[in-house]
Amino acid sequence: MTESIKGAKKSFENDLKEANTKDTLEKLYIKYLSRKGLISVLMAKMAGLPAEVKPLAGEELNLLKAHIKKEIEAKKSSALFGPENLGEKIDITLPGIKPQEGHLHPITKTLNEINDIFISFGFEIAEGPEIEREFYNFEALNIPLEHPSRDAFDTFYIESDYLLRSHTSTVQIRIMEKRKPPIQAIMPGKVYRPDAVDASHSSMFHQVEGLMVDKGIKFSDLKGLLELFTKRMFGRNIKTRFRPSFFPFTEPSAEVDISCIICGGKGCRVCSHTGWLEILGAGMVNPRVFEAVGYSAKKLTGLAFGMGVERIAMLRYGIDDIRLFFENDIRFLEQF
Ligand SMILES: [Zn+2]
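All values derive from a computational prediction rather than experimental measurement.

Quick notes on empty space enclosed by the protein
By the definition in use, this model includes one cavity of 30 Å³ or more. Approximately 60 Å³ is the volume attributed to the largest cavity. By residue number, the principal contributor to the lining of the largest cavity is helix H8 (residues 169-178), which donates four residues. A class-by-class count of the residues in the lining of the largest cavity yields eight nonpolar, three polar and no charged.

See below:
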């Protein structure tokens, strides 16, 4: 009897090696474990055995039955995930599936380019909080209480003294408070204004401001610096023009235009047929700003400038609606 059991085990092991699919494993189950299967046949044979060998044979047979059941179940569960059941063979020489790759947002790209140009001029990058105190957003920048932009409509107030900064000039004050001149830094970051959102306005946008403070800094330094910047950013043939303007924190102040990058100055729809595009504001630091941070306005002069990153990105990429930047539409973002 023991020999028959051993034989059955051996034949099962061989069959198991061959059985690799759900179907063949099912057949194996029938062959060994069904009511007419090999185990049942052996059980029936056991009835005729002498009483003294019956228990041992019974134990061996039960062990074999449990073993067969376990092996078939184990192989069945692994075969379910095997390549045969997926109807394909694995070709290990095929290249893998490439994970989907993203890339930098056009605003980040433009911001990085602006930063890189000023870093190459020796500027450092300074950052500050987006939730600010009134002092940094207004008073220290010579924007008195009666100034129109202090009106609640132009600034997101949080509570009493706190607001969302409406420009990155706040960081100019913070860096001057902390350090002694010379200072040569740019301040990139997000700013917030409660403007009605349309093709050219967003309640959140990005600015890069710049500040240089030292003895003997002149308006010609400002002009030279910004001319060099616009040529690096928009191309060698770009012309620059400075128009007198007013900002509370600079004196004198100027709006800086570049010759239209679309029509080259001849006049087109983008430049409203003027040949010029306004790209930044600039000026010499107002002595009152120096007073607010405890600098000597007699010994020091400084230049400052600020630009909107969205505006520059729109001009460079020919985008006509600022909202496209923030809608997260993959079809738009994929183009950059
Ligand atoms: Zn034009």
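Here's the deal with the layout of surface pockets
The computed volume of the largest pocket comes to approximately 1400 Å³. If you go around the largest pocket, you meet 46 residues; those closest to its centre are Arg 193, Phe 205, Gln 207, Glu 278 and Gly 308. Elements with a minimum of two residues in the lining of the largest pocket: strand E6 (204-214), strand E8 (250-259), strand E9 (276-285), strand E10 (301-308) and helix H11 (309-317). Looking at side-chain class alone, the lining of the largest pocket contains 21 nonpolar, 15 polar and 10 charged residues. Taken as a whole, the second largest pocket encloses approximately 210 Å³ of empty space. Residues that form the lining of the second largest pocket fall into these classes: three nonpolar, four polar and two charged.

Thoughts on the sheet that holds strand E1 (residues 124-125)
Sheet architecture is open: seven strands sit in the order E1-E5-E6-E10-E9-E8-E7, paired in mixed fashion. Each edge of the sheet is formed by a strand with only one pairing partner; in this case those strands are E1 and strand E7 (240-247). Bridge count for strand E5 (residues 183-192) against E6 is 10 bridges, and the pairing is antiparallel. Paired with Pro 188 across the strands is Val 208, a residue of E6. Most of the contacts of H8 go to E6, to which it runs at about 35°, and overall it touches E1, E5, E6 and E10.

Regarding the nonpolar core
The tendency in soluble globular proteins is for nonpolar side chains to be buried side by side. Residues Ile 114, Phe 118, Phe 229, Phe 305 and Met 307 are the most contacted members of the largest nonpolar core, which totals 45 residues. Secondary structure elements with two or more residues in this core: helix H6 (106-120), E6, helix H9 (219-234), E8, E9, E10, H11 and helix H12 (330-333). Of all hydrophobic cores here, the second largest spans 25 residues; its members include Met 176, Ile 183, Met 187 and Leu 211.

Thoughts on the sheet that holds strand E4 (residues 162-164)
Here three strands make up an open sheet; going across it, the order is E2-E4-E3 and the pairing antiparallel. Of all the strands in the sheet, just strand E2 (131-133) and strand E3 (157-159) have a single pairing partner and so form its edges. The sheet shows a mean angle of 40° between the axes of neighbouring strands, direction not considered. Note that E3 and E4 share two bridges and pair antiparallel. Along E4, the bridge assignment pairs Tyr 157 with Leu 163.

Here's the deal with the pairing of E7
The two faces of the sheet receive side chains in turn, since in a regular strand these alternate between them. Here E7 pairs with E8 via seven bridges, running antiparallel. Counted as the bridge partner of Thr 240 is Ile 258 from E8. The antiparallel hairpin formed by E7 and E8 contains two residues in its connecting segment.

Section: helix H2 (residues 22-33)
The end-to-end C-alpha distance of H2 is 16 Å, a good match for the 16 Å that 12 residues give at a rise of 1.5 Å each. Buried residues of H2: Leu 25, Leu 28, Tyr 32 and Leu 33, and no others. Seen end-on, H2 carries its buried residues on one side only, within an arc spanning 90°. Across H2 from its buried face, at more than 90 degrees, point the exposed residues Asp 23, Lys 27 and Ile 30.

Re the coordination of the zinc ion
Each protein donor to the zinc ion is listed here as Cys 260 (SG), Cys 263 (SG), Cys 268 (SG) and Cys 271 (SG); together their distances run 2.2 to 2.3 Å. Classification of the site at the zinc ion rests on its four donor atoms, whose angles at the metal span 103 to 113°, yielding the label tetrahedral. Between the donor residues of the zinc ion, the gaps in sequence give the motif C-x2-C-x4-C-x2-C. The exposure class assigned to Cys 263 is buried, which follows from its relative accessible area of 13%.

Calculation criteria
- Residues numbered from 1 in each chain as written.
- Predicted model: local features only at pLDDT ≥ 70, side-chain atom pairs only at ≥ 80, totals over all residues.
- Heavy atoms only, no water.
- 1 Å grid on protein atoms, 1.4 Å probe; cavity = no way out; pocket = protein on both sides within 12 Å on 5 of 7 lines; lining within 4 Å.
- Points joined across faces, edges and corners; volume = space filled by probe spheres on them.
- Helix = DSSP H or I, 4+ residues; strand = E, 2+ residues; numbered from the N terminus.
- Nonpolar A, V, L, I, M, F, W, Y, C, P; charged D, E, K, R; others polar.
- Pairing = 2+ DSSP bridges.
- Contact = heavy atoms within 4.5 Å.
- Axes fitted to C-alpha atoms, helices over the stretch in contact; angles between N-to-C directions.
- Core = buried A, V, L, I, M, F, W, Y, C linked by side-chain atoms within 4.5 Å.
- Buried < 20%, exposed > 50% of the residue type's maximum accessible area, 1.4 Å probe, protein only.
- Expected span 1.5 Å × (residues − 1).
- Arc of directions from axis to C-beta.
- Donors = N, O, S within 2.8 Å, 3.2 Å for Na, K, Ca; no water.
- Tetrahedral: all angles 85-135°; square planar, octahedral: opposite > 155°, others 65-115°.

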